[in-house]
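As a plain string of letters, each chain reads:
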Amino acid sequence: MTAYWCEHPDIFAAIADAKDEEARVLAVLKWFIVRCIVSIDQYNPIQPLQCTLKGQYTSRNESMGSEKKPLNPVLGELFYGTWPAPASNPAQGNTTLLVEQVSHHPPITAYVIENKSKGLRLTGHNAQKTSFSGGSIIVKQIGHAVLTYTPPSGKPVEYLLTLPRLRIDGLWYGSPYIELAETSYILGGGFVGTIEYKGKGYFSGKSHSFKAYIAPAPGMGGAGAEEHIVEGTWHEKSKFTKGGSKYTESNFHDVSHDGKKEVTAEGGEADGSMGEFETRKLWAAVAKGIREGDFETASREKGRIENEQRQRRKDEVSAGTTWPTKHFTHVESDPLYERLARLVKLTPPTEDHYVFQENWPAALAK
């Protein structure tokens, strides 16, 4: 699901074009909300990652009345991709994606998305813990992301992004669907962004509702800016209910005519080919079976991959070794998280982090 962070590379790139930090944090909020939109047709087995809310969480298959179930990523699985700048707007720049499954138990995915020409980079990791509450499944998303904008001159601006909890309802009726729940934050650039998520019966009385508050952060240079409140449904549209005096469009975001762009998979080997652990090659036979309705072959190939993974783990235990990550190094605490988390007294007050080793494959290092 990491690819969903940037299915709208134009909105991601627009963060760098903001005229000031107040406009920039609103651009970050718009991108974050638009990323919440998930294509029901996208195939990407590295699913535990989190472009943004509609693309990421509304994976409901309307014809079947239920959510799609992803394939489980394997330890060491890799995905590399690009969103090339469109010919109509070359100044938008190319956006690149690198994803690695860095842990299997628990499943953790680390990722980096970058638009070098715009000075934008998103890094982060994501995992989940599930529990039951009444007739629902509650999914706590663990991990965070850091968005960094580095202007042509001046100091980098960093934003801490946290993720909402997921609530899977409709289990009793055999038609499960996903709702976002509780609160997530956008912290940095002199501002505090708080996003509250509700389902039916709250705010607009619709599913997929949210209410976002953007306010200056005390002591971080945001003084003098107005408070902004944005309300709506993240899978459709929203508008300012307070502030927004400098915003010229009637809607804050509108995805009724969704212009998302699918990522182009790239090979990570030196010759541009795909290695055995790259998603599109690893799951090729399974994907082919699913597309062609040959579920016997799909199931057999899926079982083969899973059995090979179990044997690898047994061999590692016997040899006293662990799987080496390729692109990320794990650290126990993230100082940026600790510093910005204090603005809203986040729990936990500290989190671990996966540091990107700057070793892009040749196809993405251009």
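Residues numbered from 1 in each chain as written. Predicted model: local features only at pLDDT ≥ 70, side-chain atom pairs only at ≥ 80, totals over all residues. Heavy atoms only, no water.

1. Thoughts on the environment of threonine 297
Here's step 1: Looking at where threonine 297 falls in the secondary structure, it is placed in helix α6 (residues 295–319).
Here's step 2: A distance of 2.7 Å separates a polar atom in the side chain of threonine 297 from a polar atom in the side chain of aspartate 294. (Helix = DSSP H or I, 4+ residues; strand = E, 2+ residues; numbered from the N terminus. Polar contact = N/O pair within 3.5 Å; in protein donor to acceptor, adjacent residues only side chain to side chain.)

2. A closer look at unusual backbone geometry
Here's step 1: Following histidine 105, the chain continues to proline 106 via a peptide bond in cis, the omega torsion being 0°.
Here's step 2: The topology assignment puts proline 106 in the loop between β5 (95–104) and β6 (107–115).
Here's step 3: Of note, the bond from threonine 347 into proline 348 is cis; its omega dihedral lies within 30 degrees of zero at 0°.
Here's step 4: With a phi angle near 65°, histidine 208 is a residue other than glycine that sits in the positive phi range.

3. Considering the packing of aromatic side chains
Here's step 1: Applying the stated rule across the entire model yields 7 aromatic pairs.
Here's step 2: Look at phenylalanine 240 and tyrosine 247: their rings are 5.1 Å apart centre to centre, the planes differ by 65°, and that puts the pair in the edge-to-face class.
Here's step 3: On the basis of relative accessibility, which here comes to 17%, the residue phenylalanine 240 falls in the buried class.
Here's step 4: Judged by its relative accessible area of 24%, tyrosine 247 is partly exposed.
Here's step 5: Relative to tryptophan 360, the ring of phenylalanine 356 lies with its centre 5.2 Å away and its plane at 70°, an arrangement referred to as edge-to-face.
Here's step 6: Overall, the relative accessible area of 7% leaves phenylalanine 356 in the buried class.
Here's step 7: Every member of this aromatic cluster is reached through a ring pair, and the members are Phe240, Tyr247 and Phe252. (Phe/Tyr/Trp six-rings, centres within 6.5 Å; stacked < 30°, edge-to-face > 60°. Buried < 20%, exposed > 50% of the residue type's maximum accessible area, 1.4 Å probe, protein only.)

4. Observations concerning the packing of helix α5 (residues 284–291) against α6
Here's step 1: Here α5 crosses α6 at 160°, and the two axes come no closer than 7 Å. Compared by their axis directions, α5 and α6 come out roughly antiparallel. Between α5 and α6 lies a crossing whose hand is left-handed. Mapping the contact onto sequence places Ala285, Val286, Gly289 and Ile290 in α5 and Phe295, Ala298, Glu301, Lys302 and Ile305 in α6.
Here's step 2: For the contact of α5 with α6, the class distribution of residues is 6 nonpolar, 1 polar and 2 charged. (Axes fitted to C-alpha atoms, helices over the stretch in contact; angles between N-to-C directions. Parallel < 35°, antiparallel > 145°, perpendicular 65-115°, else oblique. Left-handed = near helix turned anticlockwise from the far one by under 90°. Contact = heavy atoms within 4.5 Å. Nonpolar A, V, L, I, M, F, W, Y, C, P; charged D, E, K, R; others polar.)

5. Comments concerning the pairing of β5
Looking along a regular strand, one sees side chains alternate from face to face of the sheet.
Here's step 1: Most of β5 is tucked away, with 9 of its 10 residues classed as buried.
Here's step 2: Summarising the sheet, strand β4 (residues 78–83) and β5 pair through 6 bridges and their orientation is antiparallel. Paired with leucine 78 across the strands is glutamate 100, a residue of β5.
Here's step 3: Bridge count between β5 and β6: 8 bridges; the pairing is antiparallel. Note that in β6 the partner of leucine 97 across the bridge is isoleucine 113.
Here's step 4: Hairpin connection between β5 and β6: a loop of 2 residues separates the two successive antiparallel strands. (Pairing = 2+ DSSP bridges.)

6. Comments concerning the environment of histidine 144
Here's step 1: Looking at where histidine 144 falls in the secondary structure, it is placed in the loop between β8 (136–142) and β9 (145–149).
Here's step 2: Histidine 144 sits in the buried class, given a relative accessible area of 1%.
Here's step 3: With near-sequence residues (within four places) excluded, histidine 144 lies in contact with Tyr111, Thr123, Gly124, His125, Leu160, Leu161, Asp334, Tyr337, Glu351, Asp352 and His353.
Here's step 4: In this structure the side chain of histidine 144 is engaged in a polar contact, spanning 2.9 Å, whose partner is the side chain of aspartate 334.

7. Focus: the confidence of the model for the protein chain
Here's step 1: On average, residues of the protein chain score 86 in pLDDT, and 86% of them are at 70 or above.
Here's step 2: Taken as a whole, residues 37–52 scores under 50 in pLDDT and shows 106 contacts with residues more than four places along the chain or in a different chain.
Here's step 3: When the criterion is pLDDT under 50, residues 59–67 qualifies, and its contacts beyond four places in sequence or with other chains add up to 21 contacts. (pLDDT = per-residue confidence, 0-100.)

8. Considerations on the side chain of histidine 253
Here's step 1: Of note, histidine 253 is situated in strand β17 (residues 253–254).
Here's step 2: When its relative accessible area of 1% is taken as the criterion, histidine 253 is described as buried.
Here's step 3: From its side chain, histidine 253 meets the backbone oxygen of tryptophan 234 in a polar contact 3.4 Å long.
Here's step 4: Side-chain polar atoms of histidine 253 contact the side chain of serine 238, separated by 2.6 Å.
Here's step 5: Residues in contact with histidine 253, not counting those within four places in the same chain, are Lys30, Ile33, Val34, Phe210, Thr233, Trp234, Glu236, Lys237 and Ser238.

9. Description of helix α2 (residues 21–34)
Here's step 1: The end-to-end C-alpha separation of α2 is 20 Å, in line with the 20 Å expected for 14 residues at 1.5 Å each.
Here's step 2: Within α2, burial applies to Glu22, Arg24, Val25, Leu26, Ala27, Val28, Leu29, Lys30, Trp31, Phe32, Ile33 and Val34. (Expected span 1.5 Å × (residues − 1).)

10. Comments concerning the nonpolar core
Here's step 1: Residues Leu29, Trp31, Leu147, Leu161, Ile186 and Ile195 are the most contacted members of the largest nonpolar core, which totals 48 residues.
Here's step 2: When residues in this core are grouped by element, the largest group, 9 residues, is from α2.
Here's step 3: With sequence-adjacent residues up to four places away left out, isoleucine 195 is seen in contact with Leu29, Phe32, Ile33, Glu182, Thr183, Ser184, Ile186, Phe210, Lys211 and Ala212.
Here's step 4: Core analysis: the next-biggest nonpolar cluster, separate from the first, contains 13 residues, Leu78, Ile108, Ala127 and Leu364 among them. (Core = buried A, V, L, I, M, F, W, Y, C linked by side-chain atoms within 4.5 Å.)

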